[in-house]
Amino acid sequence: MTRREMLAIGVGLTGLAVSRSWRRSMVVAAATRTGAPGAGLSLRDAAFANGITFGSAVPKEQLLANPSFATIVGQQCGILTPEVELKWKALRPSPDRYDFAAGEWLLNFAHSHEMMFRGHTLVWEQALPNWFGSVVTAQNANKMMTDHIFTVARRYAGKMHSWDVVNEAVQIEDGRPDGLKNTPWLRMIGPGYIETAFHAAHEADPHATLVYNENWIEPDDAAADKKRKAVLALLTGLKRNNVPVHALGIQSHLFAETNACNASYQRFLQQVSDLGLSIMITELDIRDKNAPAGIATRDRLIAGQYYKYLSFMLLFPAVKTIITWGLSDRYTWITTHDPRPDGIAVRPLPYDAEMNQKPAWQAIQNALQEARRR
Ligand code: G3I
């Protein structure tokens, strides 16, 4: 699908003065790396030519199970996020034991394909081991959290592009004035757990970019507006207190119909940039749950949203990293987490279940190649 076709389906990018500019040396280097000069650029190389890092989150089991999938990931991704292997549940089989085997395997996969590697996530209230509730108490929670951070982040010190230090800590519905989510970490340690986590991560790995990662801050609605305000207040406070937070991770789990290119979100992105923070798109996928059943129509709508959203986000120089949550429809979490009401297979990602490129792939490629980098 050409850019013109994408624009024709109503994703007109008002106010987006996009112009083609990229560093010729990068394009030549990237084209050379992909084979013959002038060869079609992979997503990682099209991104690289614009000073952007493109990658995806995948688990070890899928790379092991499907060599053609592993090949595509190796070709298309310049950075890799373990989908589950660096969460507490995977790392901590028991209170006094760590299991790094799967994390090491993915680190080696990434580095053997000249990819950068990032960690997800040091502090979250989900994906906790079964023993957590019976072992971690208000008396030991702070030590349990910092011991975990020191052990894990030190293990990978110097090898990580970045860490999602704290994930999804804001939930307005929980009713706190500061908007923080009522998690076990908050209840047992207090709101200071966030600052403590970032300081521990920075002490463990001074080289890693430290990220606060959040979801549902993109849409054009009152709920997202309230969440954006709370996240901005949290980040402003962290920066005021000289907490080593370097980037905001915006998960970007969108729907085909999400209006993410809205004025409120645009203001938020500028305010986050003005704090001196980088912005990373950390979990991009686009659900077709409410789209018509026809594959061609769905693929066009999804591609249009990828193009529109990324073209909008790439207007902000603070946006330097784009990571999709999966690369092939065969393995998307959405299949089990949020299936279509009609039961038809979902199609949220750049490759279909048979590892064929989709219009979404071309949409991402077009947005990357047209990005204006200052
Ligand atoms: O590996 C086991 C398997 O051995 C077992 O048979 C099976 C059934 O119990 O579970 C498998 O583990 C599952 C794991 O994914 C690997 O597939 C866990 O139950 C399941 O809870 C886990 O779900 C992941 C979830 O985070 C929780 O860790 C999803 O794949 C992953 O996509 C999702 O990702 C989150 C981000 O971390 C944070 N942002 C939202 C995003 C989507 O929910």
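A few points on the structure. (Residues numbered from 1 in each chain as written. Predicted model: local features only at pLDDT ≥ 70, side-chain atom pairs only at ≥ 80, totals over all residues. Heavy atoms only, no water.)

Some thoughts on unusual backbone geometry
In this model, histidine 120 is joined to threonine 121 through a cis peptide bond whose omega is -5 degrees. Relative to the elements of secondary structure, threonine 121 occurs in strand S3 (residues 116–123). Located in the positive-phi region is alanine 127, a residue other than glycine, with phi close to 55 degrees. Structurally, alanine 127 can be placed in the loop between S3 and helix H8 (132–135). Of note in this structure, methionine 355 is not a glycine but carries a positive phi near 70 degrees. Tracing the backbone shows methionine 355 in the loop between helix H15 (334–337) and helix H16 (359–369). Look at methionine 355 and you get buried, because its relative accessible area is 11%. (Helix = DSSP H or I, 4+ residues; strand = E, 2+ residues; numbered from the N terminus. Buried < 20%, exposed > 50% of the residue type's maximum accessible area, 1.4 Å probe, protein only.)

Comments concerning the site of the ligand
As a structural note, the neighbourhood of the ligand is formed by 14 residues, with Glu83, Lys87, His120, Glu283 and Trp325 the closest of them. Within the side chain of glutamate 83, a nitrogen or oxygen atom sits 2.6 Å from an oxygen atom of the ligand. Protein burial of the ligand: of its 800 Å² of free accessible surface, 48% is covered by the chains. (Near = heavy atom within 4 Å. Polar contact = N/O pair within 3.5 Å; in protein donor to acceptor, adjacent residues only side chain to side chain. Areas by Shrake-Rupley, 256 points an atom, 1.4 Å probe, with all protein chains shown as cover.)

Digging into the environment of isoleucine 281
Secondary-structure assignment places isoleucine 281 in strand S8 (residues 278–287). Isoleucine 281 sits in the buried class, given a relative accessible area of 0%. The sequence separation of isoleucine 281 and leucine 310 amounts to 29 residues, and the corresponding C-alpha distance is 9.3 Å. When neighbours within four sequence positions are excluded, isoleucine 281 is seen to be in contact with Ile250, Ser252, Tyr309, Leu310, Met313, Val319, Thr321, Ile322 and Ile323. (Contact = heavy atoms within 4.5 Å.)

A few points about the packing of aromatic side chains
The relation between two aromatic rings is expressed through the spacing of the ring centres and the mutual angle of the planes. The tally for this structure, following the rule as stated, stands at 15 aromatic pairs. Consider the rings of phenylalanine 132 and tryptophan 185, whose centres lie 5.2 Å apart with planes at 70 degrees: the pair is edge-to-face. Taken together, the residues phenylalanine 132 in helix H8 and tryptophan 185 in helix H10 (residues 184–189) connect sequence positions 53 residues apart. Of the two residues examined, phenylalanine 132 and tryptophan 185, each falls in the buried class. Geometrically, the ring pair formed by tryptophan 216 and phenylalanine 255 is stacked, given 6.5 Å between the ring centres and 25 degrees between the ring planes. A residue pair is termed long-range when its members are at least 10 positions apart, and tryptophan 216 in the loop between strand S5 (209–214) and helix H12 (222–240) and phenylalanine 255 in strand S7 (residues 253–255) qualify at 39 residues. Judged by relative accessible area, tryptophan 216 falls into the partly exposed class, the value being 35%. (Phe/Tyr/Trp six-rings, centres within 6.5 Å; stacked < 30°, edge-to-face > 60°.)

As for H12
The terminal C-alpha atoms of H12, which comprises 19 residues, lie 27 Å apart, in line with the 27 Å expected from a rise of 1.5 Å per residue. The N-terminus of H12 is capped by aspartate 221, whose side-chain oxygen sits 3.3 Å from the backbone nitrogen of alanine 223. Among the residues trailing H12, asparagine 242 stands out with phi positive, at a value near 55 degrees. (Expected span 1.5 Å × (residues − 1).)

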